[in-house]
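Below, each chain spelled out in residue letters.
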Amino acid sequence: MEKKKSIHWKNWKSLCARKVEGGVGFKRLLEFNLAMLAKQGWRILKQPDSLLARIMKSRYFMNGSFMSASQGNRPSYTWRSI
């Protein structure tokens, strides 16, 4: 007789719980993504001479500041997200 293996489903909340709390420690992807985008925005503000900041400035906010920039024409997915 062959035993059939099955998947043991758990809810997402318990999978995202920290390991010490009995979870798997998965990150909450939405919050993690927002944190990474905020980090990129902070990097543009604090390191205006970085390659990323210079590229974004030349394309999206040539005559203004990062904080007052608009989406512009045909923005990249990265710029729309930031």
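Note that this is a predicted model, so its numbers are computed, not measured.

Engineer: Please clarify how a nonpolar patch on the surface should be interpreted in this entry.
Structural biologist: Together, Trp12, Val24, Phe26 and Leu29 make up an exposed nonpolar region whose accessible area comes to about 410 Å². If you trace the backbone, Phe26 turns up in the loop between helix H1 (12-16) and helix H2 (29-46). With a relative accessible area of 39%, Phe26 lands in the partly exposed category.

Engineer: Would you mind going over the packing of aromatic side chains with me for this structure?
Structural biologist: Describing an aromatic ring pair means giving the distance of the ring centres and the angle of the ring planes. Tallying each qualifying case throughout the model produces four aromatic pairs. Between the aromatic rings of Tyr60 and Trp79, the centroid separation amounts to 4.7 Å while the plane-to-plane angle is 0°, which identifies the pairing as stacked. Residue Tyr60 is found in helix H3 (residues 51-60), and its partner Trp79 is found in helix H4 (residues 77-81); the two are separated by 19 residues along the sequence. Seen in terms of ring centroids, Phe61 and Trp79 are 5.8 Å apart; in terms of plane orientation they differ by 20°. Their pairing is stacked. Placement of Phe61 in the loop between H3 and H4 and of Trp79 in helix H4 is noted, with a sequence separation of 18 residues between them. One exposure class covers both Phe61 and Trp79, and it is buried.

Conventions and cut-offs
- Numbering of residues starts from 1 in each chain and follows the order in which that chain's sequence is written.
- Two thresholds apply to this predicted model, a pLDDT of at least 70 for residue-level local features and 80 or more for giving and counting side-chain atom pairs, whereas whole-chain, interface and lining totals are computed over all residues.
- Hydrogens and waters are ignored; side-chain quantities use all the structure's heavy atoms.
- Like-charged residues within 9 Å of one another, or nonpolar side chains (Val, Leu, Ile, Met, Phe, Trp, Tyr) within 5 Å, are grouped into patches, provided each residue has over 30% relative accessible area and no salt bridge.
- Accessible surface is estimated by sampling points in the Shrake-Rupley manner with a 1.4 Å probe; for residues, cover comes only from the protein chains shown.
- The term salt bridge refers to a pairing of a side-chain nitrogen on Lys or Arg with a carboxyl oxygen on Asp or Glu at a separation within 4 Å.
- Numbering goes from the N terminus for both helices and strands, where a helix is a DSSP run of H or I of at least four residues and a strand is a run of E of at least two.
- Partly exposed residues are those whose accessible area sits between 20% and 50% of the maximum for their type, while under 20% is buried and over 50% is exposed, using a 1.4 Å probe and protein chains only.
- Whether two aromatic rings pair depends on their centres lying within 6.5 Å, for rings of Phe, Tyr and Trp, where Trp uses its six-membered ring; planes under 30 degrees apart make the pair stacked, over 60 edge-to-face, and the rest tilted.

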